[in-house]
Amino acid sequence: MRNQETFGSKETADVVIIGGGVIGLAVAREVALRGGGQVTLIERGRLGAEASYAAAGMLAPQAEAEHVDPFFELACASRDLYPAFAEALREETGTDIELERTGTLYLAFTPRGEEELEHRYNWQRRAGLLVERLSAEETRQLEPCISNQVRGALRFPLDVQVENRRLIAALSASTEKQGVRLLTETHVQSLITERGRVQGVETSRGVVHAPVIVVATGAWTSFLAASDKGFRPVSIEPVRGQMLCFASNPRLARHVIYSPRGYIVPRLDGRLLAGSTTEHAGFERRVTGEGLNAITSHALEIAPAVGGLSLLDSWAGLRPRAEDEWPVMGECAELRGLFYATGHYRNGILLAPLTGALLAEQIMTGKASPLINAFRPDRFQCVGVN
Ligand SMILES: Cc1cc2nc3c(=O)[nH]c(=O)nc-3n(C[C@H](O)[C@H](O)[C@H](O)COP(=O)(O)OP(=O)(O)OC[C@H]3O[C@@H](n4cnc5c(N)ncnc54)[C@H](O)[C@@H]3O)c2cc1C
């Protein structure tokens, strides 16, 4: 069916997934792989053109964590799925998602920063995690581009990166190969509900009937309406992140490098990404002078040579953030057949393989893995149908 055509009256699916970002695609692939019947993914624009396109592709739970909690455990478990996930996608589609395993550095530039490194090193070692402490000299030996103002660093060998745009391409090809129906340029306007159950979705091209609906609409989740007016979706707000992209040939660095204020990410093809901002700017997905200025100065603090690179591109994306900044995953207690896979905030690329697996497991077996427990949608009060 061409994308502009409207549906007939008997359009049906076993599972409908709303949203074709990395999360919707990962769930669709996994449900299809497990034999979940006819899976239809509905995306109002192009696949993976929103936050999933804007991301830096870092898979770095250790570099960002302050302590062990269910979120940290989820993030590490998902990171650890990546080698097999990348290999499976390559076999299925021929696309290499460029899982780059040099590792991640986290730098300190002040005495306070050194204390933070010390704290992080100690708790991660106690937790049995792989982390290395480097002096200023060792840091600069490893990555000579790093500023001579650096006072030390931690190296996380297991925190790696992928090329997220290749990941989107691979997931799109894989889902198509598994027989998932990909409906792009199709807007889901509301859920059709009856007696506390979902029955399907009303779209810009007509109705699709389905007993299971997965909401993977990222930053736009709060707009979801239902025929039952009592329905309130979980509340997700957009948090803008801007990004710059420089040409760096030969490559300036091999590691992903963080400071407390920003990061640089060297891609295999010679691009160097620099990020980012954290802004509450509504749905305005644009790059601003202020954003550009802040990102550049943070990148220069890490590696002064960035000042001589050509700026190739810039963009912005909207991170989907729930009130407590944790993802929202699993079945909605009040509306049977409705599942959430949203609110992945800063870590949707990292969390995609495990989100796909956990959602597919719950949809197919009716049982929720203990890993998903802390992220259930009913931890918020606002979900419900009268
Ligand atoms: C600058 C920046 C850097 C980042 N860096 C990283 C990183 O290094 N590592 C990491 O793990 N994460 C990173 N993230 C976060 C990551 O990008 C997100 O968590 C992730 O992309 C969320 O995926 P998603 O599929 O939920 O959302 P999206 O990719 O935004 O997809 C949601 C989709 O739903 C569609 N949609 C919405 N409403 C409807 C509707 N009613 N009908 C049909 N379709 C609809 C939208 O069009 C969109 O395509 C970064 C984000 C930004 C902005």
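See the structure shown above.
Okay, so let's go over this structure. Because the structure is predicted, anything quoted here is derived from the model rather than measured.

Criteria and cut-off values
- Residues numbered from 1 in each chain as written.
- Predicted model: local features only at pLDDT ≥ 70, side-chain atom pairs only at ≥ 80, totals over all residues.
- Heavy atoms only, no water.
- Helix = DSSP H or I, 4+ residues; strand = E, 2+ residues; numbered from the N terminus.
- Rg over C-alpha atoms; globule rule 2.2 N^0.38 Å.
- Buried < 20%, exposed > 50% of the residue type's maximum accessible area, 1.4 Å probe, protein only.
- Areas by Shrake-Rupley, 256 points an atom, 1.4 Å probe, with all protein chains shown as cover.
- Near = heavy atom within 4 Å.
- Polar contact = N/O pair within 3.5 Å; in protein donor to acceptor, adjacent residues only side chain to side chain.
- Nonpolar A, V, L, I, M, F, W, Y, C, P; charged D, E, K, R; others polar.
- Pairing = 2+ DSSP bridges.
- Axes fitted to C-alpha atoms, helices over the stretch in contact; angles between N-to-C directions.
- Parallel < 35°, antiparallel > 145°, perpendicular 65-115°, else oblique.
- Left-handed = near helix turned anticlockwise from the far one by under 90°.
- Contact = heavy atoms within 4.5 Å.
- Phe/Tyr/Trp six-rings, centres within 6.5 Å; stacked < 30°, edge-to-face > 60°.
- Salt bridge = Lys/Arg side-chain N within 4 Å of Asp/Glu carboxyl O.

Tallying secondary structure elements over the chain gives 9 helices and 20 strands in all. In summary, the chain has a C-alpha radius of gyration of 21 Å against a globular reference of 21 Å for 386 residues, a match within 12%. With the principal axes as the frame, the chain shows a C-alpha extent of 70 × 40 × 40 Å. A total of 386 residues make up the chain; the buried ones form 57% of that total. In the structure as shown, the chain presents an accessible area of about 16,100 Å², 48% of it carried by carbon and sulfur atoms.

For the rest of this paragraph, the subject is the site of the ligand. Near the ligand there are 37 residues, and of these Glu-43, Ser-52, Tyr-345, Arg-346 and Leu-350 occur at the shortest range. His-187 is positioned with one of its side-chain polar atoms (N or O) 3.4 Å from a nitrogen atom of the ligand. The protein chains hide 98% of the 1,000 Å² of surface that the ligand would expose on its own. At the level of elements, helix H1 (22-33), helix H2 (51-54), strand S14 (236-247), strand S18 (310-322) and helix H9 (348-365) are the ones that each hand at least two residues to the shell around the ligand. Each residue belonging to the shell around the ligand can be placed in one class, and the counts come to 17 nonpolar, 15 polar and 5 charged.

For the rest of this paragraph, the subject is the pairing of strand S17 (residues 271-275). Across the 5 residues of S17, 5 count as buried, placing the element largely inside the fold. Alternating positions in S17 separate into two faces, Arg-271, Leu-273 and Gly-275 on one and Leu-272 and Ala-274 on the other, with burial throughout. Of the strand pairs in this sheet, S14 and S17 are connected by 5 bridges, and their pairing is antiparallel. Opposite Phe-246, over in S17, you have Leu-272 as the bridge partner. Pairing of strand S16 (residues 263-266) with S17, which is carried by 4 bridges, proceeds in the antiparallel orientation. Paired with Val-265 across the strands is Leu-273, a residue of S17. Between S16 and S17, which pair antiparallel in sequence order, lie 4 residues; one of them, Gly-270, sits at a positive phi of approximately 100°.

Before going further, it helps to spend a moment on the packing of helix H4 (residues 70-93) against helix H7 (residues 164-177). The geometry of H4 relative to H7 is characterised by a closest axis approach of 9 Å and an angle of 60° between their N-to-C directions. Between H4 and H7, the angle falls in the class oblique. Judged by the sense of rotation from one axis to the other, the crossing of H4 with H7 is left-handed. When H4 is examined against H7, the residues Tyr-82, Phe-85, Leu-89, Glu-92 and Thr-93 are found in contact with a partner set consisting of Leu-167, Ala-170, Leu-171, Ala-173, Ser-174 and Lys-177. Looking at the contact of H4 with H7 residue by residue, the classes come out as 7 nonpolar, 2 polar and 2 charged.

Further remarks concern the side chain of Glu-163. Mapped onto the fold, Glu-163 is located in the loop between strand S7 (160-161) and H7. With relative accessibility at 6%, the residue Glu-163 sits in the buried group. Look past the residues within four positions of Glu-163 in its chain and what remains in contact with it is Ile-97, Glu-98, Arg-267 and Arg-271.

A few words on the packing of aromatic side chains. Enumeration over the complete set of coordinates arrives at 8 aromatic pairs. Residues Tyr-82 and Phe-85 carry aromatic rings whose centres are separated by 5.4 Å and whose planes lie at 90° to one another, so their mutual orientation is edge-to-face. Here Tyr-82 pairs with Phe-85, and both are found in helix H4, just 3 residues apart, close to one helical turn. The pair Tyr-82 / Phe-85 is uniform in exposure class, with both members buried. Centroid distance Trp-220 to Phe-283: 6.1 Å. Interplanar angle 35°. Geometry classified as tilted.

Below, the discussion takes up the sheet that holds strand S6 (residues 152-156). The strand order across the open sheet built from 8 strands is S5-S6-S4-S15-S16-S17-S14-S18, with neighbouring strands paired in mixed fashion. Every other strand in the sheet has two partners, leaving strand S5 (132-135) and S18 as the edge strands with one partner each. Mean inter-strand twist for the sheet, computed between neighbouring axes without regard to direction, equals 20°. Across 4 bridges, the pairing between S5 and S6 is antiparallel. Looking at S6, one finds that Ser-135 is bridged to Gly-152. Running over the sheet, helix H8 (residues 289-302) touches strand S4 (104-108), S14, strand S15 (256-258), S16 and S17 and is turned about 55° from S14.

Structurally, His-255 can be placed in the loop between S14 and S15. Engagement of the side chain of His-255 in a polar contact is seen with the side chain of Arg-155, the distance being 3.0 Å. Ignoring sequence-local partners within four residues, the contact set of His-255 consists of Thr-102, Gly-103, Thr-104, Leu-105, Leu-142, Glu-143, Arg-155, Ile-264 and Pro-266.

Turning next to the pattern of salt bridges. Applying the stated rule across the entire model yields 27 salt bridges. Close ionic contact of Arg-90 with Glu-87 constitutes a salt bridge, the shortest N to O distance being 2.7 Å. With Arg-90 and Glu-87 both in helix H4, this residue pair falls 3 residues apart, about one helical turn. Note on Arg-90: relative accessible area 38%, which makes it partly exposed. A residue is classified by how much of its surface remains accessible, and Glu-87, at 33% relative accessible area, is partly exposed. Connected via shared salt-bridge partners are Arg-29, Glu-30, Arg-34 and Glu-92.

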